[in-house]
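# An overview of the molecular structure
Residue strings, one per chain:
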Amino acid sequence: MPVVDVHTHMYPPAYMQLLRNRTSVPYVKSFPDDPIAGDRLVILPAEDTASTSRGRPIGPGYYDVNEKLAFMRKHHIDIPVISLANPWLDWLPSNEAAQIARQVNDDVERMCAEHEGQLYAFGTLPLSAPAEQVVAEIERLASLPHHRGIIMGTTGLGSGLDDPALDPIYAALEKHQQLVFLHPHYGLPTSVYGPRASDYGHVLPLALGFPLETTIAVTRMLLSGVWDRFPKLNVLIAHSGEARQLENRRDVWSVLKENVFLDAVIYSEVGLRAAIDASGVDRLMFGTDHPFFPPLAEGETEWLSVKLNSQAVQTALEDKQMANAVMGGNAARILRLPR
Ligand code: 5CU
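An account of the accompanying structure is given in this report. (Residues numbered from 1 in each chain as written. Predicted model: local features only at pLDDT ≥ 70, side-chain atom pairs only at ≥ 80, totals over all residues.)

### Regarding the pairing of strand 1 (residues 4-10)
When you tally the buried positions in strand 1, you get seven out of seven residues, the bulk of the element. Both strand 1 and strand 5 (residues 79-84) contribute to a ladder of five bridges, which runs parallel. Across the sheet, residue T8 finds its bridge partner in strand 5, namely I82. (Buried ≥ 20, exposed ≤ 12 C-beta atoms within 10 Å, placed from the backbone. Helix = DSSP H or I, 4+ residues; strand = E, 2+ residues; numbered from the N terminus. Pairing = 2+ DSSP bridges.)

See the structure below:
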């Protein structure tokens, strides 16, 4: 059974070029007053405090496919299913988005084809473009041999995933059986973290902002009846996302067991058990979140973030067959990958 990583990001060369050409968020640049820091990636709305305003270091792990594959080999992962990292194409002017989405998706498809059988992908959508252009890209992605779904954030066409204007997009995703990998980016307004937010660096926006953003988005989808209108729309929720029982709508437990898949990027046995209880062991898929959360110590080659996620699977699941299913068997079945 292969080990599959369903939550692993890249900025392919076509997208890196866009980031390097920009001076407002999102962008990549080096700061002349701190040449040792090298290139910095600044992408998050919450990177607006003194400690976060220069984002984080960015190196080839973010954009070089050979680094990605070397990382995977080092951590005994057979197949990464790569996705564009946030903030995707959400920020592009409407009239440029569709063409750039095609370029970025083609760039990724090329990388997958050059590493046949070793690399698959979730595509990206031009969500700032008119809905019919988004639908056209979904249809095109369905014909690309290495693509297995799409990644998107929580804002949809600009006003959230409960927006009825998304219906043609949900219909196309459902029709083409494209799994939606739902991933946070926007977090919560920095003001909720209080006047000392800067003392805690990226911790509050990532540890609290990301999961709450995801929970709110999924709850709004459920409340607005997305899964009543699109009962076959399948969503893979990042970071083992969660939601609660709501009235007059499809029961949240049936949605969790029939429409929702969870990645196992939760770093602990406790969270992993909750994810298994919510959705079932057959709907959970291993991931790393590489290249985010690298080792902090110089020279450390094994990534603690990866180890914690795979250890959580082994500890939570004594049954080896179940553990193997979470590590790759489920992804191979759900994403039609080689076994
Ligand atoms: O550390 C972070 O900011 C992130 C991010 O932006 N996106 C992601 O997928 N993981 C971590």
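### Side note on helix 2 (residues 65-74)
Every buried residue belonging to helix 2 is among V65, K68, F71 and M72, and all of these are buried. Down the axis of helix 2, the buried set is contained in an arc of 120 degrees. They therefore lie on one face. Exposed positions of helix 2 whose direction lies more than 90 degrees from the buried face are N66, R73 and K74. Along its buried surface, helix 2 packs onto strand 1, strand 5 and helix 3 (94-114). At the C-terminal side of helix 2, H76 shows a positive phi close to 60 degrees. (Arc of directions from axis to C-beta. Contact = placed C-beta atoms within 7 Å.)

### Things to note about the packing of helix 3 against helix 4 (residues 131-142)
It is the contact of helix 3 with helix 4, at a shortest axis distance of 10 Å, that shows an interaxial angle of 15 degrees. One finds that helix 3 runs roughly parallel with respect to helix 4. For the pair helix 3 and helix 4, the crossing hand works out as right-handed. Facing helix 3, whose interface residues are A98, A101, R102 and N105, helix 4 presents Q133, E137 and L141. Looking at side-chain class alone, the contact of helix 3 with helix 4 contains three nonpolar, two polar and two charged residues. (Axes fitted to C-alpha atoms, helices over the stretch in contact; angles between N-to-C directions. Parallel < 35°, antiparallel > 145°, perpendicular 65-115°, else oblique. Left-handed = near helix turned anticlockwise from the far one by under 90°. Nonpolar A, V, L, I, M, F, W, Y, C, P; charged D, E, K, R; others polar.)

### Quick look at the sheet that holds strand 7 (residues 147-152)
Strand order across the open sheet formed by eight strands is 1-5-6-7-8-9-10-11, with parallel pairing between neighbours. The open sheet has two edge strands with one neighbour each: strand 1 and strand 11 (284-285). Alignment of strand 10 (residues 260-263) against strand 11, held across two bridges, turns out to be parallel. Along strand 11, the bridge assignment pairs D263 with M285.

### So, the pairing of strand 10
Where burial is concerned, the two faces of strand 10 agree: the one with V260 and L262 and the one with F261 and D263 are both buried. Bridging between strand 9 (residues 235-237) and strand 10 involves three bridges; their strand directions are parallel. Across the sheet, residue I237 finds its bridge partner in strand 10, namely L262. A crossover connection joins strand 10 to the parallel strand 11 through helix 9 (residues 269-279); in handedness this β-α-β unit is right-handed. (Right-handed = clockwise from strand over helix to strand, strands pointing away.)

### Examining the sheet that holds strand 4 (residues 56-57)
If you walk across this open sheet you meet the three strands as 2-3-4, and the pairing is antiparallel. The open sheet is flanked by strand 2 (27-29) and strand 4, the only strands paired with a single partner. One ladder, built from three bridges, connects strand 2 with strand 3 (residues 40-42); its direction is antiparallel. Note on strand 3: the bridge partner recorded for V28 is L41.

### Focus on helix 9
The periodicity of an α-helix, 3.6 residues per turn, causes residues three or four positions apart to be oriented the same way. Those residues of helix 9 not exposed but buried are L272, A275, I276, A278 and S279. Along the axis of helix 9, the buried residues cluster in a sector spanning 165 degrees; they form a single face. Projecting away from the buried face of helix 9 at angles above 90 degrees are the exposed residues V270 and D277. Buried residues belonging to helix 9 abut helix 8 (252-258), strand 10, strand 11 and helix 10 (304-316). Where helix 9 terminates, the next one or two residues include G280, which has phi positive at roughly 100 degrees.

### Some remarks on the packing of helix 4 against helix 5 (residues 167-175)
Look at helix 4 against helix 5: their axes get within 9 Å of each other, and the N-to-C directions meet at 10 degrees. With respect to each other, helix 4 and helix 5 are oriented roughly parallel. Contacts between helix 4 and helix 5 involve A131, V134, V135, I138 and E139 on the former and, on the latter, P168, I169, A172 and L173. Tallied by class, residues from the contact of helix 4 with helix 5 come to eight nonpolar, no polar and one charged.

### Some points on the site of the ligand
In the region of the ligand, the neighbouring residues are H9, I43, L44, A85, N86, L206, D289 and F292. Of the residues belonging to the shell around the ligand, the class tally is five nonpolar, two polar and one charged. (Near = placed C-beta within 6 Å.)

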